[in-house]
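Residues per chain are reported as follows:
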2 protein chains.
Amino acid sequence: MAENPIQRWTRQREVILEELRKLNSHPTAAGLYQIVRRRLPKVSLATVYRNLVRLSELGYVRKLDLGGSEARFDANLERHDHVRCVRCGRVDDLRSPPIELGRAVQDDWGGYEIVDYRLEFLGVCPRCRQRTKREPG
Amino acid sequence: MAENPIQRWTRQREVILEELRKLNSHPTAAGLYQIVRRRLPKVSLATVYRNLVRLSELGYVRKLDLGGSEARFDANLERHDHVRCVRCGRVDDLRSPPIELGRAVQDDWGGYEIVDYRLEFLGVCPRCRQRTKREPG
DNA sequence: ATCTATGCAAAGCTTTTGCAATCGT
DNA sequence: ACGATTGCAAAAGCTTTGCATAGAT
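Owing to the predicted nature of the structure, the values given are computational and were not obtained by experimental measurement.

Peer 1: Can you explain the protein's contact with DNA strand C? Please cite residues and give values.
Peer 2: What surrounds DNA strand C is a group of 22 residues, the closest being R8, Y49 and A71 of chain A together with R8 and T47 of chain B. Of all the secondary-structure elements, those providing two or more residues to the surface near DNA strand C are α3 (45-57) of chain A together with α1 (11-22) and α3 (45-57) of chain B. For the surface near DNA strand C, the per-class residue count stands at seven nonpolar, seven polar and eight charged.

Peer 1: Tell me about the nonpolar core, and name the residues and values.
Peer 2: Nonpolar side chains in soluble globular proteins tend to be buried together. Grouped together as the largest cluster of nonpolar side chains are 20 residues, with contacts concentrated most on L119 and F121 of chain A together with L119 and F121 of chain B. When contributions to this core are tallied by element, the ones reaching two or more residues are β3 (82-85) and β5 (113-124) of chain A together with β3 (82-85) and β5 (113-124) of chain B.

Peer 1: Help me get a handle on the protein's contact with DNA strand D, residues and values and all.
Peer 2: What surrounds DNA strand D is a group of 21 residues, the closest being R8, T47 and R50 of chain A together with R8 and Y49 of chain B. Backbone atoms, meaning sugar and phosphate, form 64% of the atoms of DNA strand D found within 4 Å of the protein. One of the side-chain N or O atoms of T10 of chain A is found 3.0 Å from a phosphate oxygen in DNA strand D. Across the surface near DNA strand D, the residue classes break down as six nonpolar, seven polar and eight charged.

Peer 1: Requested: an account of the sheet that holds strand β4 (residues 91-93) of chain A, with residues and values cited.
Peer 2: Taken together, six strands build an open sheet; the order of strands is β4(A)-β3(A)-β5(A)-β5(B)-β3(B)-β4(B) and the sheet is mixed. Looking at the sheet topology across the chains shown, the edges are occupied by β4 of chain A together with β4 (91-93) of chain B. If you compare each strand with its neighbour and ignore which way they point, the axes differ by 30° on average. In this sheet, β5 of chain B lies alongside β3 of chain B in parallel orientation, the contact comprising four bridges. Directly across from H82 of chain B, in β5 of chain B, lies its bridge partner E120 of chain B.

Peer 1: Please provide a residue-by-residue account of the domain arrangement of chain A, values included.
Peer 2: One widely used convention gives an interface's size as the accessible area the parts lose upon coming together. All names here are of chain A. According to the domain assignment, chain A contains domain 1 (1-77) and domain 2 (78-137). Counting residues at the interface gives 13 residues for domain 1, matched by eleven residues for domain 2. Summing both sides of the interface, domain 1 and domain 2 together bury roughly 1,000 Å²; the carbon and sulfur share of this comes to 42%. Taken as a group, H26, L66 and N76 account for 42% of the area that domain 1 buries against domain 2, more than any other trio of residues on that side. Our count for the domain 1 to domain 2 interface comes out at zero salt bridges. Applying the counting criterion to the domain 1 and domain 2 interface returns nine residue pairs in polar contact (both at pLDDT 80 or more).

Peer 1: Now, about the pairing of β5 of chain B: what can you tell me, with residues and values included?
Peer 2: Inspection of the sheet shows β5 of chain A paired to β5 of chain B by eleven bridges, in the antiparallel sense. Looking across to β5 of chain B, one finds that Y117 of chain A is bridged to F121 of chain B.

Peer 1: Before we move on, could you go through the pattern of salt bridges and cite the residues and values that matter?
Peer 2: One pass over the full model with this rule turns up 22 salt bridges over all chains. The residue E14 of chain A makes a salt bridge to R11 of chain A at a minimum N-O spacing of 3.2 Å. With a gap of three residues between them, E14 of chain A and R11 of chain A both fall in helix α1 (residues 11-22), about one helical turn apart. By relative accessible area, which is 44% here, R11 of chain A ends up partly exposed. The closest approach of N and O atoms between E57 of chain B and R54 of chain B, which form a salt bridge, is 2.9 Å. In this pair, E57 of chain B and R54 of chain B both sit in helix α3, three residues apart, roughly one turn of the helix. The partly exposed category is assigned to E57 of chain B, whose relative accessible area is 34%. Through salt bridges with shared partners, one network takes in E18, E19, K22 and R39 of chain A.

What counts and what doesn't
- Residues numbered from 1 in each chain as written.
- Chains lettered and ligands numbered in written order.
- Predicted model: local features only at pLDDT ≥ 70, side-chain atom pairs only at ≥ 80, totals over all residues.
- Heavy atoms only, no water.
- Near = heavy atom within 4 Å.
- Helix = DSSP H or I, 4+ residues; strand = E, 2+ residues; numbered from the N terminus.
- Nonpolar A, V, L, I, M, F, W, Y, C, P; charged D, E, K, R; others polar.
- Core = buried A, V, L, I, M, F, W, Y, C linked by side-chain atoms within 4.5 Å.
- Buried < 20%, exposed > 50% of the residue type's maximum accessible area, 1.4 Å probe, protein only.
- Polar contact = N/O pair within 3.5 Å; in protein donor to acceptor, adjacent residues only side chain to side chain.
- Pairing = 2+ DSSP bridges.
- Axes fitted to C-alpha atoms, helices over the stretch in contact; angles between N-to-C directions.
- Domains from an automatic or database assignment.
- Contact = heavy atoms within 4.5 Å.
- Buried area = accessible area lost by both parts, 1.4 Å probe.
- Salt bridge = Lys/Arg side-chain N within 4 Å of Asp/Glu carboxyl O.

Right under this line is the structure:
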């Protein structure tokens, strides 16, 4: 997938990957930037973006591109789907096995050659459900 | 869904809705703008955006928010999924019936209350497949 | 007459890019 | 030493917003 596999394992790249691997919260680039900054105060947001692109190309991470205005990143490379909270934006992994492509659609594909799918559930996360009970509306 | 259902049926709103209804190509705001401009040369892109938001609130259209950088709009209000061409960005309706939420996931939802899902298939559209045969790579 | 909607331009937000300096190999 | 990578700032791409004017009811 990467055109040029040559890479230099810079401190920035290392820390960005390490911190993303610690999280299961699928941070946005800006979110991860704030976390990485705690270890590398001088890092720039552009470096975080560039490394996330590079690490995706190299197959270390996955760019999620779910709904919402910001892309999210995931170091969990196994095929899995996500649930996104419509209130707070939080994204969690779905424990359940991914759907079977073949079963989902019985009809024809209109001439398309299918290569992948993107499935995202929308819901209200436990914390936001709790909050709703106290302050409805 | 609309906070304030009061509305004025302006020429712009009418034409924007009419043109979107003619299409099954799920245009972006900019794409629809180009089409609407043929009938209303002085219309502004901001008006198209504002009306698409308003028409979504009023339930006349649906904002798709699939992958990709631009939002797409659909006047087909029936529950249906989409296929997006990874080469040219074209979005088509899936004829097949939508998947059944309950069947897709057997396991627990991690405390989430599920309200909706978003399913998008990625593939290569007929035209791009054709092109590939001539100029592979 | 009232008050929403429009057109224009400017601003906002996320992401990308140009450039000189830095650092990994 | 070579050239990929960085930090900074500027730019780019999509969408929203402020404001004065036009227009629907």
